[in-house]
Amino acid sequence: LAVTYASRPATDQRTYGYYRLEILAAVVNAMLLLAVAAYILIQAWHRWSNPPEVEGGLMLVFAGVGLIANIAGLLLLKSGSKQSLNVKGAYLEVLADTLGSVGVIVAALLVSATGSAVWDTVIALAIAVFVLVRAVMLGREVLAVLGQHAPAGIEPTEMLAALESVDGVFGVHDLHVWTLTSGMDVATAHLVTEAGDPEQVLAAARTVLHDQFAIAHATLHVETTR
């Protein structure tokens, strides 16, 4: 739903369109992953002190069916997870489910072989830690976008130096660069130049931002010194 709505065109009231819905959905995904990890940890703690009866055969059947479905989901989401934080969140959820299915299969085999239900708890703890780490990593990426931090891989000081090296530019100030949504980095800056052709300076500066930093959306303002 977030991807569908995010593709809607901009309006007079929503000049940026609905791009940020994708990031908000990624926030929800990160929170769900954290909740899942917390729930598994709590259940594992209870089971550690009070081990339940575990039917290894039934576990194996359900885990096998789940594994097939989750592998199909991973194949569908893998390519999109590299381009969208929202899809990455969904991919991590399915990845956690896939790992859970594999873990349950391993636990079922160990329970059947040893007769001890403790393996169910041990595997659950391992899955919870795996999910927790990836939820935190996703959450950090999402918060960086919402906090309008400089995009990963872009160093603002390098961008400043690149703009200052443009012919006719004698100074740059009020430089800001951030991620609007996955795959869309934007920047603003004031370029100080002598009286001349501002269009030529603007064109050269936009080319620098596009070619060196992959920024296609830039708002640049030219200030003349005289």
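Quick note: structure is the one above.
Residues numbered from 1 in each chain as written. Predicted model: local features only at pLDDT ≥ 70, side-chain atom pairs only at ≥ 80, totals over all residues. Heavy atoms only, no water.

Colleague: Is there a simple way to explain empty space enclosed by the protein in this structure?
Modeller: Think of a ball as big as a water molecule: rolled over the atoms, this probe shows where empty space is left. Within this structure, the stated rule accounts for one cavity of 30 Å³ or more. A volume near 30 Å³ is recorded for the largest cavity. As for the largest cavity, its lining consists of L33, L92, L95, A96, F130, V131 and R134. Of all the secondary-structure elements, those providing two or more residues to the lining of the largest cavity are α4 (85-114) and α5 (118-146). Tallied by class, the residues present in the lining of the largest cavity amount to six nonpolar, no polar and one charged. (1 Å grid on protein atoms, 1.4 Å probe; cavity = no way out; pocket = protein on both sides within 12 Å on 5 of 7 lines; lining within 4 Å. Points joined across faces, edges and corners; volume = space filled by probe spheres on them. Helix = DSSP H or I, 4+ residues; strand = E, 2+ residues; numbered from the N terminus. Nonpolar A, V, L, I, M, F, W, Y, C, P; charged D, E, K, R; others polar.)

Colleague: What am I meant to see in the layout of surface pockets here?
Modeller: The space that makes up the largest pocket amounts to roughly 470 Å³. Along the walls of the largest pocket sit 21 residues, with I40, R47, V104, D120 and A124 positioned nearest its centre. Sorting the residues of the lining of the largest pocket by element identifies α2 (20-49), α4 and α5 as the ones contributing at least two each. Of the volumes computed, that of the second largest pocket is approximately 350 Å³. Together, 21 residues line the second largest pocket, and L85, E141, V145, A152 and T179 are the ones closest to its centre. Those elements giving two or more residues to the lining of the second largest pocket turn out to be α4, α5, β1 (169-181) and β2 (184-193). Among the elements that make up the lining of the second largest pocket, the one with the highest residue count is α5 (three residues). Among the residues making up the lining of the second largest pocket, the classes are represented as eight nonpolar, nine polar and four charged.

Colleague: Just checking my understanding: could you explain the pairing of β1 for this structure?
Modeller: As a general feature of sheets, a regular strand has side chains that alternate between the two faces. Inspection of the sheet shows β1 paired to β2 by nine bridges, in the antiparallel sense. Its bridge partner being in β2, T179 is matched across the sheet by D185. Here β1 hands over to β2 after two residues, with G183 in that stretch at a positive phi of 80°. (Pairing = 2+ DSSP bridges.)

Colleague: I would appreciate a short explanation of a nonpolar patch on the surface in the present structure.
Modeller: A cluster of nonpolar side chains, L34, L41, W48, V118, W119, V122, L125, L132 and V136, forms an exposed patch at the surface whose accessible area comes to about 690 Å². For the nonpolar patch, the secondary-structure elements that each account for two or more residues are α2 and α5. Residue contributions to the nonpolar patch peak at six residues, all from α5. With respect to the helices, strands and loops of the structure, L125 is situated in helix α5. The class for L125 is partly exposed, based on a relative accessible area of 30%. (Patch = residues over 30% accessible without salt bridge, like charges linked within 9 Å, V, L, I, M, F, W, Y side chains within 5 Å. Areas by Shrake-Rupley, 256 points an atom, 1.4 Å probe, with all protein chains shown as cover. Salt bridge = Lys/Arg side-chain N within 4 Å of Asp/Glu carboxyl O. Buried < 20%, exposed > 50% of the residue type's maximum accessible area, 1.4 Å probe, protein only.)

Colleague: Explain the sheet that holds β1 to me, please; I cannot follow it from the model alone.
Modeller: Two orientations exist for strands paired in a sheet by backbone hydrogen bonds: parallel and antiparallel. Read across the open sheet, the three strands follow the order β1-β2-β3; overall the sheet is mixed. Single-partner strands in this sheet number two, and they are β1 and β3 (217-224). The mean inter-strand angle of the sheet, taken between neighbouring strand axes irrespective of direction, is 10°. Against the sheet, helix α7 (residues 198-213) touches β1, β2 and β3, its axis set at about 145° to β3. (Axes fitted to C-alpha atoms, helices over the stretch in contact; angles between N-to-C directions. Contact = heavy atoms within 4.5 Å.)

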